[in-house]
Amino acid sequence: MKANWKKVLMSGLMLGTAALTLAACGGGDSDTAASDGASGKDEAAVAGDLKLWVDTEHMDTIKGLVSDFEKEYPDVNVEVKAASSADAKSEVSKDPEKAADVFMMPHDQIGQMAEAGLLYPVATKQAEDIKANSTEAAVNGVTWDDKIYGFPYGVESQVLYYNTSTLSEDDVKTWETMTEKGKIGTNFGEDGANYIFGPLFMSNGNVLFGENGEDLQGTNFNNEAGVQVLSWIAAQKDNPGVVQSADSALSNLQSGKTDAFLSGPWSKNDVEKALGENMGVAAYPTIDFGDGAKQMKAFLGVKLYGVNQQTESPLAAMALAEYLTNEDSQMEEFKNMGVIPSNKELQENADVKSDAVAKAVMEMADPEHSVVMPKLPEMVSFWPPMDSIINDTYKGNIKPADYQAKLDKLVADISKEVE
């Protein structure tokens, strides 16, 4: 496959050469990077010195992939440096001209970075390939304002880890049965509850920033379904099967104080150490808010590479980003780092499907089980009040009579444009 990959890259990259070069030289706005063009240039056009930022734990895997890339593109030199993908926006914003040409980033920063002119829109041919080869969720994750702004290489979602010696596969299918027959350690009462339980509102039929996550006025948590969610959260304080656990979640699981734990693929190794051969993994259970069973949802994240709008070598940067997210590279990330691929064919790979965590995440990636984290810049205003309302409802600091007013204020606050 690698022998043909260069030809695939070149055929697509050459379609966008003229437009990319024009944008890079300041002869057009960034949107032109996503249009088709023809330049007649050959492979020599893919040249330059690039800086690549990746998460520290990915360094060894990525350095191997970069070495292969440089063999296929001898006129491109790549310097790989460690940098937190979670801080991509803040780090690139400091000095875009000195920042990396290509960098790992989470999809929920795309809206902010695209609006700030920090990201190159992906050229049309590469965008078409991404749409054809990636899962629907991954495509949604890298799309902003109808343009694709990144190259996806993985998807992630929280799943349910549980102790198979105390809970069965059937026990964990519903929240009610799970907490009757065992105990779940999870966080309702401290910072971070927003990420875990904010999606409860979508589980009960509501939307956050509209159906596509891009409508500032599209949140409808302040309705009867939203009030039901708060009532359910409050009831968990008196549920003997729920143990408030934030930093202690893993230790409680290992000691046997709890039997289940909500987390993502990043916790796989730690849970294996805690439970050994008794580690079970499943998609989220259903929840009854009062009107019958509803599928509990989680936020879905897309892992991707972005290309710096200020890069001096846009063709080389695009080639590198595409190479690092091709099928072979995604397989290396899966084997070495446990990253669940965004490539549709790889998700059908026997090795991927036989991995318990990957199987659960792929099930969670279905729209029935998750909601793609909104990319709207105003998401920054969602997290603090969401934490507050979940924490205070769980602790009993917000009384049922005040649920509606609190939800009204939440929706009003997050529906204002970020200044």
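Above this note sits the structure.
Every value quoted in this text rests on a predicted model; they were computed, and no experiment measured them.

A. Region of interest: the environment of Leu167. Tracing the chain through its elements places Leu167 in the loop between strand 7 (159-163) and helix 8 (175-181). Relative accessible area serves as the criterion here: at 2%, Leu167 is assigned to the buried category. Here the alpha-carbon distance between Leu167 and Gly182, two residues 15 residues apart in the chain, equals 6.7 Å. Once you skip the residues sitting within four places of it in the chain, Leu167 turns out to touch Tyr162, Val172, Met178, Lys181, Gly182, Asp259 and Ala260.

B. Just the packing of aromatic side chains, in detail. In the structure shown here, the tally under the stated rule is 13 aromatic pairs. An angle of 45° between the planes, with centres 5.1 Å apart, marks the rings of Tyr153 and Tyr305 as tilted. On the criterion of sequence distance, the pair formed by Tyr153 in strand 6 (residues 151-157) and Tyr305 in strand 14 (residues 298-307) is long-range, its members being 152 residues apart. The pair formed by Tyr153 and Tyr305 is uniform in burial state, with each residue classed as buried.

C. Region of the structure containing the nonpolar core. Leu52, Trp175, Phe221 and Tyr305 are the most contacted members of the largest nonpolar core, which totals 125 residues. No other element matches helix 14 (residues 314-324), which puts 8 residues into this core.

D. Highlighting the sheet that holds strand 11 (residues 279-282). Spatially, 5 strands are ordered 9-8-10-7-11 in an open sheet, and the strand pairing comes out mixed. Two strands bound the open sheet, and with one partner strand each, they are strand 9 (242-244) and strand 11. On average, each strand axis in the sheet is tilted by 30° relative to the strand beside it, whichever way the strands run. Note: strand 7 against strand 10 (residues 260-263), 4 bridges, orientation antiparallel. Across the sheet, the residue bridging to Leu160 is Leu262, located in strand 10.

E. Main features of the side chain of Asp355. Here Asp355 lies in the loop between helix 17 (350-353) and helix 18 (356-364). Ignoring anything within four residues of it in the chain, the contact list for Asp355 reads Lys268 and Phe334.

F. Structural view of the pairing of strand 1 (residues 48-54). Burial analysis of strand 1 places 5 of its 7 residues in the buried class, which makes it a mostly covered element. Judged from the 7 bridges that link them, strand 1 and strand 2 (residues 76-82) form a sheet pairing that is parallel. Counted as the bridge partner of Asp49 is Asn77 from strand 2. This β-α-β element, strand 1 to helix 3 (residues 59-72) to strand 2, shows right-handed connectivity. Of the strand pairs in this sheet, strand 1 and strand 3 (residues 102-106) are connected by 2 bridges, and their pairing is parallel. Residue Trp53 lies in a different strand from strand 3, and its bridge partner there is Phe103.

The rules behind the values
Residues numbered from 1 in each chain as written. Predicted model: local features only at pLDDT ≥ 70, side-chain atom pairs only at ≥ 80, totals over all residues. Heavy atoms only, no water. Helix = DSSP H or I, 4+ residues; strand = E, 2+ residues; numbered from the N terminus. Buried < 20%, exposed > 50% of the residue type's maximum accessible area, 1.4 Å probe, protein only. Contact = heavy atoms within 4.5 Å. Phe/Tyr/Trp six-rings, centres within 6.5 Å; stacked < 30°, edge-to-face > 60°. Core = buried A, V, L, I, M, F, W, Y, C linked by side-chain atoms within 4.5 Å. Pairing = 2+ DSSP bridges. Axes fitted to C-alpha atoms, helices over the stretch in contact; angles between N-to-C directions. Right-handed = clockwise from strand over helix to strand, strands pointing away.

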